[in-house]
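Here are the chains, one letter per residue:
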Amino acid sequence: MRIHLEQIEEEPFRWDQSESAPEVVLERPEVLGMSDIHWSGSVSRASSGWRLLAGIDYVQTLACSRCMKPREERVDTELDLYLVVNSPQPLGGEVELDSSDLGMLALDDEVLETGPILHEQLELNIPMSTLCKDDCAGLCPHCGADRNDEPDCCAGDEIDPRWQVLKDLTKS
Ligand SMILES: [Zn+2]
Ligand SMILES: [Zn+2]
């Protein structure tokens, strides 16, 4: 979606739409799936810029970081951004605007592409690690079994690789 900021007068620009999850997010290995993204919001004039307010809601399915089991979670988040257009000339005496300031976005011109803003929000809502439950036991490093279901999968069966050679020899 492209919003022409210079056309916004008294009335804010509003939208309410759903779009499919972008490839870049779906390609992340921990993302197993994502519903359509529903978001609605408005952009209105605010002092020397514009203010974007939006609500974003969708369901994402993430892989447990330990056992890879899917875990579904609803994301319901809000976005409040102040938009300014970078002035080509330095503004004498005024505080310089820094796009890294929290909640502020500096644009090169008065056309706002909402795609990158939405993508960033989706990325931000993918946690560094996901657990299917707090005490997930993970996968067995020996046989790959899910230790939540088979806590004793390799119990008493762990064998030193050096002894394994001997065992193989005695078998023949
Ligand atoms: Zn797990
Ligand atoms: Zn095992």
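Residues numbered from 1 in each chain as written. Chains lettered and ligands numbered in written order. Predicted model: local features only at pLDDT ≥ 70, side-chain atom pairs only at ≥ 80, totals over all residues. Heavy atoms only, no water.

Draft legend 1. Structural view of the coordination of the zinc ion (ligand 1). Protein coordination at the zinc ion (ligand 1) comes from Cys64 (SG), Cys67 (SG), Cys132 (SG) and Cys136 (SG), with a distance range of 2.3 Å. Around the zinc ion (ligand 1) sit four donor atoms; with metal-centred angles ranging over 107 to 114 degrees, the donor geometry is tetrahedral. On the primary sequence, the residues serving as donors to the zinc ion (ligand 1) are separated as C-x2-C-x64-C-x3-C. Of the two residues, Cys67 is situated in the loop between β5 (49-63) and β6 (70-85) and Cys132 in the loop between α2 (114-124) and α3 (161-171); the sequence distance between them amounts to 65 residues. Assessed through its relative accessible area of 25%, Cys132 is described here as partly exposed. (Donors = N, O, S within 2.8 Å, 3.2 Å for Na, K, Ca; no water. Tetrahedral: all angles 85-135°; square planar, octahedral: opposite > 155°, others 65-115°. Helix = DSSP H or I, 4+ residues; strand = E, 2+ residues; numbered from the N terminus. Buried < 20%, exposed > 50% of the residue type's maximum accessible area, 1.4 Å probe, protein only.)

Draft legend 2. Region of interest: the coordination of the zinc ion (ligand 2). Here the zinc ion (ligand 2) is held by Cys140 (SG), Cys143 (SG), Cys153 (SG) and Cys154 (SG), and the distances to it run 2.2 to 2.3 Å. Around the zinc ion (ligand 2) sit four donor atoms; with metal-centred angles ranging over 105 to 117 degrees, the donor geometry is tetrahedral. Counting along the primary sequence, the residues that act as donors to the zinc ion (ligand 2) give the motif C-x2-C-x9-C-C. A residue pair is termed long-range when its members are at least 10 positions apart, and Cys143 in the loop between α2 and α3 and Cys153 in the loop between α2 and α3 qualify at 10 residues.

Draft legend 3. View of the packing of aromatic side chains. Using the criterion set out here, one finds two aromatic pairs in the structure. Where Phe13 meets Trp15, the ring centres are 6.3 Å apart and the plane angle is 35 degrees; that geometry is what we call tilted. Looking at Phe13, the relative accessible area reads 30%, which means it is partly exposed. Pairing Trp15 with Trp39 gives two aromatic rings, centres 5.0 Å apart and planes at 65 degrees, and the pair type is edge-to-face. Note that Trp15 is positioned in strand β2 (residues 13-19) and Trp39 in strand β4 (residues 37-46), a separation of 24 residues in sequence. Each member of the aromatic cluster is reached from another via a ring pair, and the members are Phe13, Trp15 and Trp39. (Phe/Tyr/Trp six-rings, centres within 6.5 Å; stacked < 30°, edge-to-face > 60°.)

Draft legend 4. Up close: the side chain of Thr130. Within the element layout of this structure, Thr130 appears in the loop between α2 and α3. Excluding anything up to four places from it in sequence, Thr130 contacts Leu62, Ala63, Cys64, Ser65 and Arg71. (Contact = heavy atoms within 4.5 Å.)

Draft legend 5. Highlighting the nonpolar core. With 27 residues, the main nonpolar core has Leu5, Met34, Ile37, Val43, Leu52, Leu83 and Leu112 as its most contacted residues. Of all the secondary-structure elements, those providing two or more residues to this core are β3 (31-34), β4, β5, β6 and α2. The greatest single-element share of this core, amounting to six residues, is contributed by β5. Among all residues touching Leu112, those that are not within four sequence positions of it are Met1, Arg2, Ile3, Leu5, Leu52, Leu83, Leu105, Leu107 and Ile117. (Core = buried A, V, L, I, M, F, W, Y, C linked by side-chain atoms within 4.5 Å.)

Draft legend 6. Quick look at the pattern of salt bridges. What the rule picks out here adds up to seven salt bridges. Glu123 is paired through a salt bridge with Arg28; the nearest N and O atoms lie 2.4 Å apart. With a gap of 95 residues between them, Glu123 in helix α2 and Arg28 in the loop between α1 (23-26) and β3 connect regions that are remote in the sequence. A relative accessible area of 28% places Glu123 in the partly exposed class. A relative accessible area of 24% means that Arg28 is categorised as partly exposed. For Lys69, the salt bridge identified is with Asp146, shortest N-O distance 3.4 Å. Taken together, the residues span a long stretch of sequence, with Lys69 in the loop between β5 and β6 and Asp146 in the loop between α2 and α3 at a distance of 77 residues. Several salt bridges share partner residues, and in doing so they unite Arg28, Glu30 and Glu123 into one network. (Salt bridge = Lys/Arg side-chain N within 4 Å of Asp/Glu carboxyl O.)

On their own, these measurements won't tell you what the molecule is for.
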